[in-house]
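# Residue-level structural notes
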Amino acid sequence: MFNPMGQPAEHAQRKLAGRASSHRLLRVALSPPAQFKAQSDPMESQDHRPRVAAQRRKRMRSLLLSSTLQLVAEKGPSSTSIDDVIAAAGVSRGTFYKYFPSPEALVQELALEVAKDLVFLADPVVRQRDDPAERVSCGIRLVCRLALHHPAAAAFLVRLGWPDTQGPNLLLDFVRRDVEEAMKRGRFRTIPLPLALNMVSGAVIGAIHCMLKPGCEQDFAEMTAAVTLRALGVAGKTADALAYKPLASIDAFPQGLLSVTSPASGGARRGKAGPPNGRGQNKPPSDRRARTG
């Protein structure tokens with residue numbers, strides 16, 4: 001039997017079958033190996049799932065911490081219960097225990113996060129000063145300004161109580177570095193280090209407590225720094241000059257846990273961490289000298 005082209009039918013069929021086989025081989029050659037394709041899809045999903053889960057855990061942990069920050073600022077750590085936290089965060093008791101073993105552990109973690117944010121804000125500014133006494137003054141002023149820009153976080157620190165100067169504490173470690181250097185360089189009188197740390201931390205806690213109340217002087221942070229420097233051994237005029245030295249304004253907590261107290265999140269007003277409206281930046285008024293003397 002012949003086809004219209006004059007070739008045997010069997011020959012034409014074999015030729016067509018050969019072309020089909022070549023096409024199949026070409027498709028196989030251009031396609032990824034079956035074992036590679038089988039492995040690639042699970043790998044992509046494995047990379048995706050842990051990332052999504054980690055992001056979900058981070059959001060939940062942040063929700064629990066920020067809810068607790070507001071509660072402790074209002075009620076104090078001893079009056080804040082698990083029921084308060086889960087109600088404020090809108091989660092179950094089981095979810096709470098997935099992230100924290102106890103309310104005490106949650107408050108400790110919250111204190112560490114607040115301290116991290118404070119050090120992150122203050123340390124770059126403080127390190128610009130070579131004089132360790134000026135660094136201490138700068139740190140006092142920046143932390144005190146927290147009361148103006150983030151009252152919930154400031155109230156949390158006040159409610160948290162007096163820090164343990166003998167134990168590990170991120171904020172005290174931040175201050176300890178400069179206090180020790182100031183003593184070595186003769187800028188502060190030589191006294192027991194825990195006593196010096198108590199003087200600094202007590203002044204800051206007391207200042208924040210006053211600055212949270214209406215009617216407090218706008219340069220109360222500078223007054224606090226001046227008095228503390230004098231108590232540590234800095235001469236009066238020098239202490240005043242250091243305490244009222246211009247302090248660069250910097251963005252206050254654009255990110256991090258303390259961002260929950262910004263206006264964007266419905267918290268306290270957002271501003272710059274520095275003397276408000278430029279007041280108290282150059283030198284202390286004459287009546288301030290009398291008060292800090």
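Thresholds, definitions, all that
- Residues numbered from 1 in each chain as written.
- Predicted model: local features only at pLDDT ≥ 70, side-chain atom pairs only at ≥ 80, totals over all residues.
- Heavy atoms only, no water.
- Helix = DSSP H or I, 4+ residues; strand = E, 2+ residues; numbered from the N terminus.
- Buried < 20%, exposed > 50% of the residue type's maximum accessible area, 1.4 Å probe, protein only.
- Contact = heavy atoms within 4.5 Å.
- Areas by Shrake-Rupley, 256 points an atom, 1.4 Å probe, with all protein chains shown as cover.
- Phe/Tyr/Trp six-rings, centres within 6.5 Å; stacked < 30°, edge-to-face > 60°.
- Core = buried A, V, L, I, M, F, W, Y, C linked by side-chain atoms within 4.5 Å.
- Salt bridge = Lys/Arg side-chain N within 4 Å of Asp/Glu carboxyl O.
- pLDDT = per-residue confidence, 0-100.
- Axes fitted to C-alpha atoms, helices over the stretch in contact; angles between N-to-C directions.
- Parallel < 35°, antiparallel > 145°, perpendicular 65-115°, else oblique.
- Left-handed = near helix turned anticlockwise from the far one by under 90°.
- Nonpolar A, V, L, I, M, F, W, Y, C, P; charged D, E, K, R; others polar.

### Digging into the overall build of the protein chain
Across its full length, the protein chain holds 12 helices and 0 strands. Expressed as a percentage of its 293 residues, the buried residues of the protein chain come to 41%. For the protein chain, restricting intrachain contacts to residue pairs at least 6 apart in sequence, the fraction spanning at least 24 positions comes to 70%. As presented, the protein chain carries roughly 16,300 Å² of accessible surface, and 56% of it is formed by carbon and sulfur atoms.

### Some details on the packing of aromatic side chains
Applying the stated criterion across every chain yields a total of 2 aromatic pairs. With a centroid separation of 5.3 Å and 90° between ring planes, the pair formed by Phe 96 and Tyr 97 is classed as edge-to-face. The buried category is assigned to Phe 96, whose relative accessible area is 1%. By relative accessible area, Tyr 97 is classed as partly exposed at 40%.

### Comments concerning the nonpolar core
Judged by nonpolar contacts, the single largest core of 67 residues is most densely connected at Phe 96, Phe 156, Val 179 and Phe 188. The leading source of residues in this core is helix 5 (residues 103-126), at 10 residues. Here Phe 188 is in contact with Ala 133, Val 136, Val 179, Ala 182, Met 183, Leu 229, Leu 232 and Val 234, once residues within four sequence places are set aside.

### Some points on the pattern of salt bridges
Two side chains bearing opposite charge may form a pair once their charged atoms approach each other closely. Going through the model one piece at a time under the given rule, you end up with 19 salt bridges. The closest approach of N and O atoms between Arg 187 and Asp 131, which form a salt bridge, is 2.8 Å. Of this pair, Arg 187 sits in the loop between helix 8 (170-184) and helix 9 (193-211) while Asp 131 is found in the loop between helix 5 and helix 6 (132-149), placing the two residues 56 residues apart along the sequence. Looking at Arg 187, the relative accessible area reads 26%, which means it is partly exposed. With a shortest N-O distance of 2.2 Å, Asp 173 and Arg 176 are connected by a salt bridge. In this pair, Asp 173 and Arg 176 both sit in helix 8, 3 residues apart, roughly one turn of the helix. A residue is classified by how much of its surface remains accessible, and Asp 173, at 36% relative accessible area, is partly exposed.

### Quick word on the confidence of the model for the protein chain
On average, residues of the protein chain score 75 in pLDDT, and 66% of them reach the 70 mark or higher. Long-range and interchain partners of residues 1-5, a stretch whose pLDDT sits below 50, account for 6 contacts in this model, where long-range means more than four residues apart. With pLDDT under 50 throughout, residues 25-31 is counted as low confidence; its partners more than four residues away or in other chains account for 0 contacts.

### Thoughts on the packing of helix 5 against helix 7 (residues 151-160)
Relative to each other, helix 5 and helix 7 sit at 125°, their axes nearing to 11 Å. Looking at the two axes, helix 5 sits oblique to helix 7. Of the two possible hands of crossing, helix 5 and helix 7 adopt the one that is left-handed. Seen from helix 5, the contacting residues are Val 107, Leu 110, Ala 111, Val 114 and Leu 118; seen from helix 7, they are Phe 156, Leu 157 and Leu 160. Tallied by class, residues from the contact of helix 5 with helix 7 come to 8 nonpolar, no polar and no charged.

### Description of the packing of helix 6 against helix 8
At a closest axis distance of 8 Å, the pairing of helix 6 and helix 8 adopts a crossing angle of 150°. As the angle between them shows, helix 6 and helix 8 are arranged roughly antiparallel. Our pair here, helix 6 against helix 8, has a crossing hand that is left-handed. Taken together, the residues of helix 8 that come into contact with helix 6 (itself represented by Pro 132, Ala 133, Arg 135 and Val 136) are Asp 178, Val 179, Glu 181 and Ala 182.

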